[in-house]
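So you can see what is in the structure, the chains are spelled out below.
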Amino acid sequence: MQNKGLIKLFALLFGLVSIYQLSYTFITNKVEIEAEVFAASRVSEAEDDYISKREALEASYLDSIGNNTILGYTNYNEAKKKELNKGLDLKGGINVTLQISVKDILKGLANNTKNPVFNKALADADAASKNSDDTYIDLFFEAFDNIKGETKLASPDIFANKGLSDEINFQMSDDEVKPIIRRKIDESVVSAFEVLRERIDGFGVTQPNIQREGNSGRILVELPGARDINRAQDLLSSTAQLEFWETYKQSNPSFSTFLIQANEKLKEIVDVKKPEPVKEESELDSLLSDVAADSLDLTTQVNPLYELLIPANPGTHAMFRAAIKDTATIGSYFRMPEIRRLLPADIQFVKFVWERPATEDTEVIDLYALKSNREGVPRISGDVVSDARDDFDQFGKPAVSMTMNTKGAKEWEQLTGDAYNNQTGIAIVLDNKVYTAPGVSSGPISGGRSEITGNFTVNETKDISNVLRAGKLPASAEIIQSEIVGPSLGQEAIDSGFMSFLIAMAIVLLWMIAYYGKAGAFADVALLLNILLIFGVLTSLNAVLTLPGIAGIVLTIGMSVDANVLIFERIKEELAKGKGKGLAVSDGFGNALSSILDANITTGLTAIILFVFGSGPIKGFATTLLIGILTSLFTAIFITRLLIDWYISGKGRSLDFSTSLTKGLFQNLSIDFLAKRKISYVISGILVLVGLASLFFGPGLQQGVDFVGGRSYTVRFEQAVNPSEIASELNDVFGSGTNVKTFGEANQIKITTPYKVDVEGIEVDTEIQDKLYSSLQKYLPDGTSKDAFAIGSEGKSIGILQSVKVGPTIADDIKNNAFLAILGSLAVVFLYILIRFRRWQFSLGAVVAVFHDVLIVLGVFSIFGKIMPFNMEIDQAFIAAILTVIGYSLNDTVVVFDRIRETLAERGWKGGENVNSAINSTLGRTLNTSLTTLVVLLAIFIFGGESLRGFMFAMIVGVVVGTYSSVFIATPVMFDALSKKITKVLN
């Protein structure tokens, strides 16, 4: 081997750089363990809320030592930025995909036009988007073109308005306007991206990730380690529509007139049952009792509004009060056209807005009547705020102070002057909730400074000021996909993942020594260096390590021995020919190189496609697999060679590449594989047909929420539970379609429901979580609160450990991407093999074998999906497994084909004898690699955690079937497909 010195230097530097990169991770882990120990020594488990207290102490400790020098070259704060990123499934946190509403952007660009053609096109685009993969803007333009008639996009009341006058004029055609609108939408999405990034920077998590997903208007946000999940969701989806309104006075007689008329009208159009008497007295009941005692004695009748509305407290600027549970009903009444028509002329444009509940336990909230106009535009909007910060009011309570720009200061002075003169209040409204509505007691306020007060926590004022500084989103942002992982589940994933990693590595290291003796030990050294390099590269690339990523590394361990096995088997063949050690080693490495490259390139191609079409953890799996392929090639070809050359260069050293148990194993085999091809065709045909029958006429595949949309929750209890019993109860709550199954231990279940799958918003997530809590409360320990049941509690051993939400639109995208990934990998590999082997018959054999393997894996999942005691749903992880099976099967097939090509080039066909000879000569390598990989997969399957079991089962079935098909399907199909001209000597 040439340039040994250069290779040694490169390997040394590569290893040192990897150690250096990983040192930051070791440093942060050490410091954080010290912080945990410090917090545990100060706060006993006997204290109330000890977990939160310990977290606060840990944060304080880390802040205090953050800039202290460690090892002379870094500190904790610096090391934290450079440590190995752990993904959501290892650290806990939240991962969401936000859909920026293109519809909102279009309405904003058109100045909220009332043009009927424009609004009809929006409605048609809404309907079409539910069953189409096209972007919303394409659907809008198509809908507009279908109904526009003489109307143009450049009409004065659509896009040729004052706001767009610099770019769009009345004379422009639709084709000229469309690219401008597309650009404006893209600019708005970029603006939303920047707003979200600024908000996230102020949220306080380390290593957040935010990225756009092409031109879809989607933004992916990952917040590893985020513990306050509700706070994170509110921060991401809040539009930050800050508005300032003047309120109406409580004494305004027009509201009394309106209320009486509205109540009478509602008696005619709604069916209201007289409520049952309330037995238990609460704040709400007390207020309702006061209303019942009113002199009008309205409770003797059925009064839709009087039964729900409560007089507001005197001295406030609210108009009414009501129970939170009744706010939706009251709102629906006030929105009815026949009720709105009853409003007297002086209040006909009133805007009713509810106050923000002070706490989760609040039962009654105020309803404010705001002075509005025909367009519903506030007196002042939030875009005049130039700065905002969290502060404390004159009573020492958390508040938000704001500074306005010059325009805002003038408008603020005018508004406060009007409120002072009219003795009304100023309602400060954020995202359609009144946060506070103070009066003005000392005349107009100049300078543009104001303050938002209320029953805030410090975190809430931080978030509000953060959102106001960052600015408002240009359109609403809906969470169409989310994954939330509790920190305790993340720690369990780390423990199980690294347990499987260590066990698999130990098995491989011992196996290589047991099979190849000293040569196996050299391969082990190269393998250990390979692991170091993988982690070093991951850290230096700032890549994220996920649980599937650990599985990818473990799989790399199993597959990386393949290169060494190929090399050692070729060296043994050269030694059997009587060559000297040095020449045999040189020829063995040289002859194996072609097979090694072909096998790894085909696997690498499938990994690249997985990386392109995958998302989240699956991309992490593909990343580690790609890195592992490259580093294993380097260590197997160069490092192992250096060690072997060094060893055999010494005097009196013996290297046999086998042990007493394995010497002569798989040598001189003469199995006639081609003669058995008809039997293998029949066996495979039966397996495939049974699988297809199960797929189309039997149970079929269990599609996960990734593919059909919905929500899933992993819930743990103290005691074992009956999933059938829980499923029956939840189907009564959520309707049919809710599925409950044991997930791992008998005290853990996975709940999947399509309930309100088409409805977006945090409110629906909260509603479902509340219903789950109510339904499952009897299975929880006494006194378990709703907060303790929900995600986010560090060290929690019961309740919701993980939740996943996938909207129907993104589910369709995932399904399409999965289909494209599988077809793409087959097409790419077909072309590669065609170019490499120059005969389409080789490509045909490889692709038929791959189809055979995939169909059998699908059949197994269809037949045993409801029988196996672990999750066998078809999701993104399953698609990753299928693509890896494709790569592995091709790896095996290409090695066999490589040897066939080499053998035939030397000796010709000889009636198929040399094809059989080629297969026999690779049988040792095939079985050795397959058994090693299989043992590794079994280690992950057993010790790698429940979330990986279905993924690993698919891999195990795929490896077994792929090993079989490379010998009994791919080669026979290639052989039978050859032209008669080539094979006539065989008959």
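Computed from a predicted structure; not experimentally measured.

## Some remarks on the overall build of the chain
Logical step 1: Counting its secondary structure elements, the chain contains 31 helices and 23 strands.
Logical step 2: For the chain, buried positions account for 53% of its 987 residues.
Logical step 3: Counted over contacts in the chain with a minimum sequence separation of 6, partners at least 24 positions apart contribute 73%.
Logical step 4: Split by element, the accessible area of the chain, about 44300 Å² in all, is 56% carbon and sulfur.

## Considerations on the nonpolar core
Logical step 1: Core analysis: the largest hydrophobic core is formed by 120 residues, its most contacted members being Phe568, Ile833, Phe878 and Ile886.
Logical step 2: When sequence neighbours within four positions are dropped, the list of residues in contact with phenylalanine 878 reads Val857, Leu858, Phe861, Glu873 and Ala954.
Logical step 3: Core analysis: the next-biggest nonpolar cluster, separate from the first, contains 48 residues, Val102, Phe144, Leu153 and Ile479 among them.

## Some words on a nonpolar patch on the surface
Logical step 1: Taken together, the side chains of Leu6, Leu9, Leu12, Leu13, Leu16 and Ile19 define a hydrophobic patch exposed on the protein surface, amounting to about 590 Å² of accessible area.
Logical step 2: Summarising the element assignment, leucine 9 is placed in helix α1 (residues 4-42).
Logical step 3: On the basis of relative accessibility, which here comes to 46%, the residue leucine 9 falls in the partly exposed class.

## Some words on helix α29 (residues 913-943)
Logical step 1: Helix length check: α29 (31 residues) gives 44 Å between terminal C-alpha atoms against 45 Å at 1.5 Å per residue, within 8%.
Logical step 2: Of all the 31 residues making up α29, 22 are buried; the element is thus mostly covered by neighbouring parts of the structure.

## Focus on helix α12 (residues 327-335)
Logical step 1: Within the span of α12, buried status applies to Thr327, Ile330, Gly331, Tyr333 and Phe334. Projected down its long axis, α12 shows its buried positions confined to an angular sector of 160°, all on one face. Along α12, the residues that are exposed and aim more than 90 degrees away from the buried face are Ala328 and Arg335.

## Topic: the sheet that holds strand β9 (residues 320-323)
Logical step 1: Strand order across the open sheet formed by four strands is β8-β9-β11-β10, with antiparallel pairing between neighbours. Edge positions in the open sheet fall to β8 (309-311) and β10 (351-354), since each of these has one partner strand only. Between one strand and the next, the sheet's axes are offset by a mean angle of 35°, whatever the strand orientation.
Logical step 2: Sheet topology note: the β10/strand β11 (residues 364-370) ladder contains four bridges and is antiparallel. What sits directly across from lysine 351, in β11, is leucine 370.

## A short note on the packing of aromatic side chains
Note on aromatic pairs: each is described by the distance of the centres and the angle between the planes.
Logical step 1: Tallied over the entire structure, the rule returns 31 aromatic pairs.
Logical step 2: Here phenylalanine 140 and phenylalanine 144 contribute two aromatic rings whose centre-to-centre distance is 6.1 Å and whose plane-to-plane angle is 40°, an arrangement assigned as tilted. Separated by four residues within a single helix, phenylalanine 140 and phenylalanine 144 lie in helix α7 (residues 136-147), roughly one turn from each other.
Logical step 3: You can call phenylalanine 140 buried: its relative accessible area is 0%.
Logical step 4: Here tyrosine 248 and phenylalanine 255 contribute two aromatic rings whose centre-to-centre distance is 5.3 Å and whose plane-to-plane angle is 70°, an arrangement assigned as edge-to-face. Exposure class is identical for tyrosine 248 and phenylalanine 255. Each is buried.
Logical step 5: Connected via pairs of aromatic rings, a cluster forms that spans Phe118, Phe140, Phe141, Phe144 and Phe159.

## Points about the confidence of the model for the chain
As a general rule, the predicted coordinates of low-pLDDT regions are not to be interpreted in detail.
Logical step 1: Mean pLDDT over the chain stands at 80; residues scoring 70 or higher make up 86%.
Logical step 2: Across residues 274-281, confidence stays below pLDDT 50; counting only partners more than four residues off in sequence or on other chains, it has six contacts.
Logical step 3: Of the regions scoring below 50 in pLDDT, residues 291-300 engages in nine contacts with residues more than four places distant in sequence or in other chains.

## A closer look at the pairing of strand β22 (residues 748-753)
Logical step 1: The element β22 is largely enclosed, with a buried count of six among its six residues.
Logical step 2: Side chains Gln748, Lys750 and Thr752 of β22 all project onto a buried face; the interleaved residues Ile749, Ile751 and Thr753 project onto the opposite face, where all are buried too.
Logical step 3: Direction of pairing for strand β20 (residues 710-716) relative to β22: antiparallel, over a ladder of six bridges. In the strand pairing of β22, arginine 711 is matched with threonine 753.
Logical step 4: Here strand β21 (residues 739-742) pairs with β22 via four bridges, running antiparallel. Following the sheet pairing, threonine 742 is matched in β22 by isoleucine 749.

## Regarding unusual backbone geometry
Logical step 1: The backbone phi angle of glutamine 423 is positive, close to 55°, even though this residue is not glycine.
Logical step 2: Inspection of the secondary structure assignment puts glutamine 423 in the loop between α14 (406-422) and β15 (426-430).
Logical step 3: Unusually for a residue other than glycine, asparagine 542 sits at a positive phi of about 60°.
Logical step 4: As for its position among the elements, asparagine 542 is in the loop between α17 (518-540) and β19 (544-545).
Logical step 5: Overall, asparagine 542 belongs to the partly exposed group, its relative accessible area being 47%.

## Details of the sheet that holds strand β7 (residues 242-246)
Logical step 1: With antiparallel pairing, four strands are arranged side by side in an open sheet as β12-β7-β15-β16. The strands lining the two open edges of the sheet, one partner per strand, are β12 (380-381) and β16 (433-436).
Logical step 2: When β7 meets β15, the two strands line up antiparallel, connected through five bridges. By the bridge assignment, glutamate 246 is partnered in β15 with isoleucine 426.
Logical step 3: Helix-sheet contacts for α14 involve β7, β12 and β15, and the interaxial angle to β7 is about 35°.

## Focus: the side chain of serine 775
Logical step 1: Relative to the assigned elements, serine 775 resides in helix α24 (residues 762-776).
Logical step 2: Reaching out from serine 775, the side chain makes a polar contact with the backbone oxygen of lysine 771 at a distance of 2.8 Å.
Logical step 3: Ignoring anything within four residues of it in the chain, the contact list for serine 775 reads Glu729, Leu730 and Val733.

## A look at the environment of alanine 693
Logical step 1: Looking at the secondary structure, you find alanine 693 in helix α21 (residues 677-697).
Logical step 2: Taking relative accessible area as the criterion, alanine 693 reaches 36% and is therefore assigned partly exposed.
Logical step 3: The spacing of alanine 693 and isoleucine 863 is 170 residues in sequence and 9.5 Å in space, taken between C-alpha atoms.

## Let's talk about the packing of helix α28 (residues 876-907) against helix α30 (residues 949-977)
Logical step 1: Where α28 meets α30, the axes come as close as 8 Å, and the angle between the chain directions of the two elements is 30°. Taken together, the axis directions place α28 and α30 in an arrangement best described as roughly parallel. Where α28 crosses over α30, the two elements pack in a sense that is right-handed.
Logical step 2: Split by residue class, the contact of α28 with α30 holds 15 nonpolar, nine polar and one charged.

Parameters and conventions
Residues numbered from 1 in each chain as written. Predicted model: local features only at pLDDT ≥ 70, side-chain atom pairs only at ≥ 80, totals over all residues. Heavy atoms only, no water. Helix = DSSP H or I, 4+ residues; strand = E, 2+ residues; numbered from the N terminus. Buried < 20%, exposed > 50% of the residue type's maximum accessible area, 1.4 Å probe, protein only. Contact = heavy atoms within 4.5 Å. Areas by Shrake-Rupley, 256 points an atom, 1.4 Å probe, with all protein chains shown as cover. Core = buried A, V, L, I, M, F, W, Y, C linked by side-chain atoms within 4.5 Å. Patch = residues over 30% accessible without salt bridge, like charges linked within 9 Å, V, L, I, M, F, W, Y side chains within 5 Å. Salt bridge = Lys/Arg side-chain N within 4 Å of Asp/Glu carboxyl O. Expected span 1.5 Å × (residues − 1). Arc of directions from axis to C-beta. Pairing = 2+ DSSP bridges. Axes fitted to C-alpha atoms, helices over the stretch in contact; angles between N-to-C directions. Phe/Tyr/Trp six-rings, centres within 6.5 Å; stacked < 30°, edge-to-face > 60°. pLDDT = per-residue confidence, 0-100. Polar contact = N/O pair within 3.5 Å; in protein donor to acceptor, adjacent residues only side chain to side chain. Parallel < 35°, antiparallel > 145°, perpendicular 65-115°, else oblique. Left-handed = near helix turned anticlockwise from the far one by under 90°. Nonpolar A, V, L, I, M, F, W, Y, C, P; charged D, E, K, R; others polar.

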